[in-house]
Amino acid sequence: PALDSGSVQLNPLQMSEVQKHNIAADCWVAVHGYVMDITGYLDRHSGGRQSLVTLCGKDGTASFDSVSHPTSYITMMVQKRFATMKGCVGSCTTNGATVTSGSGIGTSPELTGPKATVPARECRADEPTPPAVTVTNAELQSHSTATDCWMVLGCGVYDISSYKHSGGNIVHSWCGKDGTTSFVGKHPWSYLQVMLGMSATLIGKYSGTPIGSSVGRQNPISLAEIGRHNTPKDCWSCIHGTVYELHFYLPDHDAGSAVIEPMCGEDATAYFAMAHSMEALGGLPKKGSCDNRAEQAFTEQNILDGAALVSYIILPMFFNEVILAATSPAAQDRLLRRPMAKPFKSKCLGNFLNSYVEMPLGVFFMVVWFLIVTAVLSVFWSIHYNEYYLPDFVLAGWVGRMTVYMISMATYLGTRRWSLAWVFYKISYEKTLKAHYVIGNVASIFMLVHGGMYMASFGPRNLPEHQVTTAYLLLGCILVVFPFTINNFRVHYYFVFKVTHFIAPAITILGTLHILSLHVDGELGRGFWVALVWIASASLFWLGDFIYSRYDVLLRPTVVIGTPRLLPADGGPAHICVKLRKLRATLFPGAWMSVGCREAFSPLSHPFTAIVRKCGGLDREYAEVEFIFKVNEGRTWTQRLSNAIAKLSPKQPMKFFMTGPYGGGLGSLDPMKVIIFVVGGVGVTPAASLAPYLVKRGKDVYVIWSCRSASLIQHVAVEYFSNACHSYFDRQPDHRHIHYSGKGSEGHVFPPFVKTGRPDVAGVLQKAAKSAMSQDIFDLGVFVCGPNALVESTLMAADEFNADKTNAHIHVHAESFQM
C-alpha cells in the first residue's frame, strides 16, 4: 500500500517473532507484510473482538481481504492510532508499490527487511499545528528525564520540562514516550493549546513508531496513591498486580459505566475476576504495578471454606463421640435426651413454637453451636470481603458465602434416607427436623439478603449476564418455599407445604449452577473450589434422597391388604387403620415410613411410626405394616382420607404409596434390659411395633397405654399385646396396663385385661424398678409417646425416682404430640 511520507525505515521482522505475540493482551498481526500491534483495537473492532483474537500471532491477510477492506485501511489504522506499526516481514516494498497477498508467510530468514517507511500521523483539526520538523523515536527517547522531558501527544512532540502539571510529577512517567492514550482519557484535544500557554513547547511532528501505553514504572504504586484517583473522570484501579487507567473506558463498557465506577481507587482484582479473564485487560492504559493480592484472597477463601467444614460437621461428630465415651448413660439422659422445655398449650402459639421447645437438649445444643459458628464465620468473611473487595460488594459478598453453608447444612439435616444427623450423630430424623427448620429458615433469610443487596448495589440490569438466570430462579424458588416452612403455615396448609417443598432440591442444584456461573472463560476461580464442594455435595444428598424415594415408590409397589378401616369417634377421635404390604423391602420394628394416598390427594407424608408386622428382607418376598392415623378435622389429608374410605367401593380399590425406613426404633434405649412403654392414644404404634420384637429378644417389657377411643383399644389390644407377644403379658399381667379413658364405658366390649380410668404411671415405674433391681438391673428405659400431659407426668415421675441416688436410673425417650 501507499504509505504517507516519513523518514524512519521499518524494522525487519520474521514470522517467528510475530508468532510470539499471540494472545489478546499482546496481539500482533501481519497484513500484506506489515506487522501491527492491534492489542488496543480489539474491543473497538466493529466486527467484534473474537474475530481479531483468532488472528493474534498470525498472517491475517486473507481474513483482511475477505471482508473487502481496502489496503489503504492499514494506513488509516496507524494514522488514527488504532494500531502500532511494529515492522514488516517478507517482500515489503517502498512507497506506492503493491504487495502480494499473504506475503507474511513462508518468508526466508535471509531477508534483510524492507525499505518502506512509517506513516506520519494526521493532525486533528483541534490540535495545534506542529512546526515542519520531524522527530524520530531515537530523538524522542533521548529526552526522557524530568528536567528534559519530551512527550508525544497526538501528532506532535511536546517539551514539558517546564510545564507544571496539576496532577504532580506523575506526568514525568511519560517522558520519552507516547502519552496520547492517557491524555485523551482525561483532557479534550483543545487542552493542548492550553498547555502551550503554560510553558509547554511544541517541538515538531512525530514520525517514529509509537511506544505502547504501558509505563515503565518499577516500584509498585501504593493503594493510598491509587485511592486518590477514585472518580469517573480520574479512575485508577489495581487489577492482577497492574494499575490501569479506566476513565476513558467507562463510556464504552458494555454493561455501562456504573459497573466500572466502584473499581475507581480500589484493588478490584477479585471483583474483576468474577466476570473477566486477563485478556479483557488488553489495550487498557497502564500506570504501573501494584501488589497482586488475588492469589492471597483466593487462598484465604479456601481456608475459610475448609474451616466451615470442620466447624459445622467434623467438630460436632467429634463432640458426639467424646460425650458418648466419657459420660454415663444417666448423664447422657440429662444432657442430651430430655426435651428443652414444656410445650405451649395455646393452639396458635403451640403450632408456632412447640416444634422448637420440644426438641431434645442434644439437638438444641447442635442448633446453638450452629448459630455460634455462623456468627463467627460471618465476622471472618466480612473482614475478608472488606479487605479484598469493593465497598458495594462487601455485604452482598460475605452473606452469599454464608448462604452456601446455610443451604448445605439444611440439606444435610433435612434429607430423610441419608440424613447427616441420623448417620453420624445418631439423632433420629424426626428429632433432627427441629434443627432443619431453624437452619432452613436462617438459610432462606441469608439468601434473600444476598439477592436483595446485589439488586440494591448494582440493579437488575447490571448483574453479569451469565449469572442472571440462576439468580432469578433461586430468588423465585426461595420466595415459594420459605413462607410455607413457617410452622403455622406448615401445620394448617401441610399439603401446600409438601408441594412447595418438592422445589427445595432445586435450590441446591441452582445454587451449584450459580457458583459454576462465576467462571471466567470456562474456568472457575480458585477461591470458589471448596464452596462448590459444599453446595454440590448438598445437591447430591437431595438428589440421592429424591431418586431413592421415587425408586422405592415406583419400583417397589405397595399393596393394600384387605380394606382400610375407619374406626368411629366413640369416646375419642376417629382413627384410620390400613394394612400395607411392600414388595422387596427390608424394615425393622418401630420403623418410620412415609405414606401417601392417591384418593386423598396426599403426597408422601412426613414419616409415621409403622406397626411392622413382617420385616421382609432377603429371605422374604415382602414386608408388611399397619398404619394408624388419627383423623384431624378440617382441611387435612387425614380428613380427606377418611372421606375417601367412607365412599370406598370394592370395585375401586384405594392406591397407597409407601417409602422408607427413615429412622425409628428404640434409639438410645436399645441397650436397656427393661423397656417400659408409656403411650397415649395413637402413640401406641411404637409399642405395638416394638413390644413383640423385644419380648422375643428376652427383654422385660411393660406397656402402659391410656386411650380415649374404645374402637382403637378393641382393634389393637388383643392382636398386638396378647397374640403377637405369644401370651407373654398373659403370663405376666402386671406388665400390661391398658386403660380406657374416654367418655362412658357402657356399651363397649373390652378384653378382660382393659381397665377404665387413668393408669398410675408413677406406681408402675416404681414396681418395675424394684423388680429390675432385684435382678441387679439398674438402668431402665422408658419410651413415652403421647399428649403433653402424659409426657410431663412421666418425666416428673422419672425425676422423682431418680432423685434417690440409691435407686436404679430411669432413662426417658419422649415424643409428645397434641391430641
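Just so it is clear, the model here is predicted, and its values are computed rather than measured.

**Here we look at the overall build of the protein**
Item 1. When helices and strands are counted, the protein shows 28 helices and 29 strands.
Item 2. Residues counted as buried form 54% of the 819 residues belonging to the protein.
Item 3. Intrachain contacts of the protein at a sequence separation of at least 6 include 75% that bridge at least 24 residues.
Item 4. Here the protein has roughly 35800 Å² of accessible surface; of this, 59% comes from carbon and sulfur atoms.

**Looking at the sheet that holds strand S19 (residues 592-597)**
Item 1. Taken in spatial order, the three strands line up as S20-S19-S23 in an open sheet, and their pairing is antiparallel. With partners counted over all chains shown, the strands left at the sheet margins are strand S20 (608-609) and strand S23 (656-659), one partner each.
Item 2. Pairing between S19 and S23: four bridges, direction antiparallel. Within S23, the residue paired with serine 594 across the bridge is threonine 659.

**Comments concerning the confidence of the model for the protein**
Item 1. Of all residues in the protein, 79% attain a pLDDT of 70 or more, and the chain-wide mean is 79.
Item 2. Overall, residues 1-8 carries pLDDT values under 50, and its contacts beyond four positions in sequence, including any with other chains, amount to 32 contacts.
Item 3. Here residues 210-218 scores under 50 on pLDDT; set against residues more than four positions off or in separate chains, the count is 27 contacts.

**Some points on the pairing of strand S13 (residues 234-239)**
Item 1. Summarising burial for S13: five of the six residues are buried, a large majority.
Item 2. In this sheet, strand S14 (residues 242-245) lies alongside S13 in antiparallel orientation, the contact comprising four bridges. Opposite serine 237, over in S14, you have tyrosine 244 as the bridge partner.
Item 3. Here S13 hands over to S14 after two residues, with histidine 240 in that stretch at a positive phi of 50°.
Item 4. Note: S13 against strand S15 (residues 266-267), two bridges, orientation parallel. Looking across to S15, one finds that cysteine 238 is bridged to aspartate 267.

**Digging into helix H28 (residues 788-802)**
Item 1. Between its first and last C-alpha, H28 extends 21 Å over 15 residues, near the 21 Å set by a 1.5 Å rise per residue.
Item 2. Along H28, the residues classified as buried are Asn788, Leu790, Val791, Thr794, Leu795, Ala797, Ala798, Phe801 and Asn802.

**So, the packing of aromatic side chains**
Item 1. Following the criterion strictly, the structure yields 17 aromatic pairs and no others.
Item 2. Judged by centre distance (5.1 Å) and plane angle (55°), the ring pair of tyrosine 405 and tryptophan 534 falls under tilted. Remark: tryptophan 534 occurs in helix H22 (residues 529-554) and tyrosine 405 occurs in helix H15 (residues 391-414); sequence separation between them is 129 residues.
Item 3. Relative accessible area serves as the criterion here: at 3%, tryptophan 534 is assigned to the buried category.
Item 4. Measuring from ring centre to ring centre gives 5.1 Å for tyrosine 728 and phenylalanine 729, while their planes differ by 80°; the resulting arrangement is edge-to-face. Accessibility assignment for this pair places tyrosine 728 and phenylalanine 729 in one class, buried.
Item 5. When the ring centre of tyrosine 622 is taken as origin, the NZ or CZ atom of arginine 581, which lies over that ring, is 4.1 Å away.

**Describing the nonpolar core**
Item 1. Counting residues in hydrophobic clusters, the biggest one holds 69 residues, and the most contacted among them are Tyr312, Met402, Tyr405, Met406 and Trp534.
Item 2. Tallying contributions element by element places H15 first for this core, with 14 residues.
Item 3. If near-sequence neighbours (up to four positions away) are discounted, methionine 406 is found in contact with Tyr312, Phe370, Thr374, Ile439, Val442, Ala443 and Phe446.
Item 4. Judged by nonpolar contacts, the second largest core, of 39 residues, contains Val701, Val703, Tyr720 and Cys725.

**Section: a nonpolar patch on the surface**
Item 1. On the surface, Val499, Phe502, Ile509, Leu513, Leu516, Leu540, Leu543, Phe546 and Ile547 cluster together to form a nonpolar patch covering roughly 750 Å² of accessible area.
Item 2. Take the nonpolar patch: its biggest share by element is four residues, from H22.
Item 3. For isoleucine 547, a relative accessible area of 53% gives the class exposed.

**Comments concerning the sheet that holds strand S22 (residues 622-630)**
Item 1. Read across the open sheet, the four strands follow the order S17-S18-S22-S21; overall the sheet is antiparallel. The open sheet has two free edges, formed respectively by strand S17 (558-567) and strand S21 (611-614), since each of these has just one partner strand. Direction aside, neighbouring strands of the sheet carry axes that sit 15° apart on average.

**Re the pattern of salt bridges**
Item 1. All told, the structure shown has eleven salt bridges when counted by the stated rule.
Item 2. Between lysine 20 and glutamate 17 there is a salt bridge, with the nearest N and O atoms lying 3.5 Å from each other.
Item 3. The exposed category is assigned to lysine 20, whose relative accessible area is 61%.
Item 4. Glutamate 719 is the salt-bridge partner of lysine 579, the closest N and O atoms lying 3.7 Å from each other. Of this pair, lysine 579 sits in strand S18 (residues 575-583) while glutamate 719 sits in helix H25 (residues 710-723), and the two are 140 residues apart along the sequence.
Item 5. The exposure class assigned to lysine 579 is partly exposed, which follows from its relative accessible area of 22%.
Item 6. Here the salt bridges do not stand alone but share partners, grouping Lys579, Arg581, Arg613, Glu624 and Glu719 into one network.

Calculation notes
- Starting from 1, residues in each chain are numbered consecutively following that chain's sequence as written.
- Where totals are concerned, whole chains, interfaces and linings use all residues; where local detail is concerned, this predicted model gives features only for residues with pLDDT of at least 70, and gives and counts side-chain atom pairs only at 80 or more.
- No hydrogens and no water enter the side-chain calculation; it runs on all heavy atoms of the structure.
- Helix and strand assignments follow DSSP, with helices taken as H or I runs no shorter than four residues and strands as E runs no shorter than two, numbered in order from the N terminus.
- Any residue under 20% of the maximum accessible area for its type is buried, any over 50% is exposed, and the rest in between are partly exposed; the area is computed with a 1.4 Å probe on protein chains only.
- Whether two residues are in contact is decided by their heavy atoms, any of which lying within 4.5 Å being enough.
- Under the convention used here, a 1.4 Å probe and the Shrake-Rupley method define accessible areas, while residue burial counts only the protein chains that appear.
- Two strands qualify as a pair provided DSSP detects at least 2 bridges between them.
- For every residue, the predictor assigns a confidence score, pLDDT, that lies between 0 and 100.
- Given a helix with a known number of residues, its expected span is that number minus one, times 1.5 Å.
- Within 6.5 Å between ring centres, the rings of Phe, Tyr and Trp (the latter by its six-membered ring) count as paired, and their orientation is classed by plane angle as stacked under 30 degrees, edge-to-face over 60, tilted in between.
- Whether a charge sits over a ring comes down to the Lys NZ or Arg CZ being within 6 Å of the ring centre and within 35 degrees of the ring normal.
- As used here, the term nonpolar core means buried Ala, Val, Leu, Ile, Met, Phe, Trp, Tyr and Cys residues forming a set that is joined through side-chain atoms within 4.5 Å.
- Exposure above 30% relative accessible area and the lack of any salt bridge qualify a residue for a patch; like charges then connect within 9 Å, and the nonpolar side chains Val, Leu, Ile, Met, Phe, Trp and Tyr within 5 Å.
- Any carboxyl oxygen of Asp or Glu within 4 Å of a side-chain nitrogen of Lys or Arg constitutes a salt bridge here.
- Only the stretch in contact is used when fitting a helix axis, every axis being a line fitted to C-alpha atoms; angles between N-to-C directions are given from 0 to 180 degrees.

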